[in-house]
Amino acid sequence: MSERFARIDASVEEAEHGFLHLLHRHRHASDLQTELKAAERALAEEMTEENLARLKAVQAELGGFSNSE
């Protein structure tokens, strides 16, 4: 996502769209962090293939999330 929406010459529509996009990304990142903690707890409580797969999936999504817009 371009930071163009934050420039002084951005239209109201660009600014709103950019802000809402960033808000969505922030909420998604927060949700992923919560899910990661839960997956770590689940694996610590019960070392199963299912819990390990869940943890790896969340970690992969977090890794992809930080590299995408």
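Residues numbered from 1 in each chain as written. Predicted model: local features only at pLDDT ≥ 70, side-chain atom pairs only at ≥ 80, totals over all residues. Heavy atoms only, no water.

Things to note about the overall build of the protein chain
In terms of helices and strands, the protein chain carries 2 helices and 0 strands. For the protein chain, whose C-alpha radius of gyration is 17 Å, the value lies well above the compact-globule estimate of 11 Å for 69 residues. Dimensions of the protein chain, computed from C-alpha atoms along their principal axes, come out at roughly 55 × 15 × 10 Å. Evaluated residue by residue, the protein chain yields a buried proportion of 20% over its 69 residues. Accessible area for the protein chain stands at about 5400 Å²; split by element, carbon and sulfur atoms hold 54% of it. Positive and negative side-chain charges in the protein chain, numbering 8 and 14 respectively, have mean positions lying 3 Å apart. (Helix = DSSP H or I, 4+ residues; strand = E, 2+ residues; numbered from the N terminus. Rg over C-alpha atoms; globule rule 2.2 N^0.38 Å. Buried < 20%, exposed > 50% of the residue type's maximum accessible area, 1.4 Å probe, protein only. Areas by Shrake-Rupley, 256 points an atom, 1.4 Å probe, with all protein chains shown as cover. Lys, Arg positive; Asp, Glu negative; His and termini not counted. Charge placed at Lys NZ, Arg CZ, Asp CG, Glu CD.)

Notes on the nonpolar core
Listed in full, the 8 residues of the largest apolar core are L32, L36, A39, L43, L55, V58, L62 and F65. Contributing elements (two or more residues each) for this core: α1 (12-45) and α2 (49-66). If we ignore the near neighbours within four places in the chain, the residues touching F65 are R25, H28, A29 and L32. (Core = buried A, V, L, I, M, F, W, Y, C linked by side-chain atoms within 4.5 Å. Contact = heavy atoms within 4.5 Å.)

Quick word on the environment of E14
Looking at the element boundaries, E14 is found in helix α1. For the pair formed by E14 and A38, sequence separation is 24 residues and the distance between their alpha carbons is 36 Å. For E14, the contacting residues outside a window of four places in its chain are R4 and F5. Here R4 takes part through its side chain, which lies 3.4 Å from a polar atom of the side chain of E14. (Polar contact = N/O pair within 3.5 Å; in protein donor to acceptor, adjacent residues only side chain to side chain.)

Thoughts on the pattern of salt bridges
Applying the stated criterion across every chain yields a total of 2 salt bridges. Linking R7 and D9 is a salt bridge whose minimum nitrogen-to-oxygen distance equals 3.3 Å. Comparing R7 with D9 shows no difference in burial state: the two are exposed. (Salt bridge = Lys/Arg side-chain N within 4 Å of Asp/Glu carboxyl O.)

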